[in-house]
Amino acid sequence: MEHLTAKYGPAAVARFDAPDNPLDCAAGKVGISFNKQRRIIRTGDSHRLVEWCKATQPQTVDPLMETLFKAYFEDARDLSRREELVACAAACGLDGEAAGKALDSDAFQREVDAKATGWSRQGVSGVPFFVVHPASGNGEPVAFSGAQPSEVIAEVLAD
């Protein structure tokens with residue numbers, strides 16, 4: 001919680017800890033139960049693993065993403081550890097040994113760095129971040145950050 005307090009302030013952390021906070025309420029509606037014991041970690045290797053999966057078995061990207069999200073958000077697994085990432089890959093039917101070799105190399109580092117730089121230049125500093133393009137194809141996209149209640153999202157989209 002120290003990281004979150006430093007980044008967002010004590011009021012945000014208090015909202016996050018409240019049993020009726022919007023994020024937990026929204027998650028509960030879709031069967032997700034956030035584990036409050038999870039640590040803030042660096043996710044670069046997770047992103048590299050996903051890029052490796054896209055390049056080698058693109059049909060497995062969605063199951064891998066779901067496995068990674070569950071491992072981190074619900075099970076509070078430390079996805080900064082290679083063995084956890086390899087286990088997630090293997091749980092999706094990917095070749096764990098090949099995933100480990102990709103993680104042991106610098107494979108896909110440039111791609112991940114380029115994407116991070118591109119998003120940063122567009123003002124993205126955290127997740128979730130939404131970019132919604134008008135259905136008509138005319139006009140500028142609307143962008144906003146953070147887990148927002150549906151009313152806030154509706155208001156942003158209506159403007």
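What comes next is a walk through the structure. One numbering rule holds for all chains: residues counted from 1, following each sequence as written. It should be noted that, the model being predicted, local features are given only for residues of pLDDT at least 70 and side-chain atom pairs only at 80 or more, the latter also being counted only at that level, while totals for whole chains, interfaces and linings use all residues. Excluding hydrogens and water, the side-chain values take into account all heavy atoms of the structure.

1. Here's the deal with the environment of Ala102
Looking at where Ala102 falls in the secondary structure, it is placed in helix 7 (residues 96-104). Take Ala102: its relative accessible area is 11%, and that puts it in the buried class. Considered as a pair, Ala102 and Cys53 are 49 residues apart in the sequence and their alpha carbons are 9.9 Å apart. Whether two residues are in contact is decided by their heavy atoms: any pair within 4.5 Å suffices. Excluding anything up to four places from it in sequence, Ala102 contacts Arg48, Trp52 and Ala107. Only DSSP runs of H or I with at least four residues qualify as helices, and only runs of E with at least two residues qualify as strands; both kinds are numbered from the N terminus onward. Note on exposure labels: buried denotes an accessible area under 20% of the residue type's maximum, exposed denotes more than 50%, and partly exposed covers the range between, all computed with a 1.4 Å probe on protein chains only.

2. Some thoughts on the packing of helix 4 (residues 44-56) against helix 8 (residues 109-121)
The angle between the axes and the distance between the axes are what describe a pair of packed helices. For every element, the axis is a line fit to its C-alpha atoms; helices are fit only across the contacting stretch, and the angle between N-to-C directions ranges from 0 to 180 degrees. It is the contact of helix 4 with helix 8, at a shortest axis distance of 9 Å, that shows an interaxial angle of 115°. Looking at the two axes, helix 4 sits roughly perpendicular to helix 8. Between helix 4 and helix 8 the crossing geometry is right-handed. Residue-level inspection shows Gly44, His47, Arg48, Glu51 and Lys54 of helix 4 in contact with helix 8, the latter providing Gln109, Val112 and Lys115. Split by residue class, the contact of helix 4 with helix 8 holds one nonpolar, three polar and four charged. Should an angle lie under 35 degrees it is considered roughly parallel, over 145 roughly antiparallel, and from 65 to 115 roughly perpendicular; all remaining angles are considered oblique. The sense of a crossing depends on the near helix, which, turned anticlockwise from the far helix by less than a right angle, makes the crossing left-handed and, turned clockwise, makes it right-handed. Three classes are used, and their members are as follows: Ala, Val, Leu, Ile, Met, Phe, Trp, Tyr, Cys and Pro are nonpolar, Asp, Glu, Lys and Arg are charged, and the others, Gly among them, are polar.

3. A short note on the side chain of Ser46
Relative to the elements of secondary structure, Ser46 occurs in helix 4. By relative accessible area, which is 10% here, Ser46 ends up buried. Discounting chain neighbours no more than four positions away, the residues touching Ser46 are Leu68, Leu79 and Leu85.

4. A short note on unusual backbone geometry
Trans is the common state for peptide bonds, and a negative phi is the common state for residues other than glycine. For Ala76, which is not glycine, the phi torsion reads 55° and is therefore positive. Along the polypeptide, Ala76 turns up in the loop between helix 5 (61-74) and helix 6 (82-91). Of note in this structure, Phe108 is not a glycine but carries a positive phi near 70°. Its location among the elements puts Phe108 in the loop between helix 7 and helix 8.

5. Some thoughts on the pattern of salt bridges
Each salt bridge in this description consists of a side-chain nitrogen of Lys or Arg and a carboxyl oxygen of Asp or Glu lying within 4 Å of one another. Tallying each qualifying case throughout the model produces ten salt bridges. The salt bridge involving Lys115 is made with Glu51; its shortest N-O contact spans 2.8 Å. Here Lys115 is found in helix 8, whereas its partner Glu51 is found in helix 4, with 64 residues between them in sequence. In this structure Glu51 comes out as buried when scored by relative accessible area, which is 12%. In this structure, Asp104 engages Arg82 in a salt bridge whose closest nitrogen and oxygen atoms are separated by 2.7 Å. Taken as a pair, Asp104 in helix 7 and Arg82 in helix 6 lie far apart in primary sequence, 22 residues in all. Overall, the relative accessible area of 39% leaves Arg82 in the partly exposed class.

Shape descriptors only; they carry no functional weight alone.
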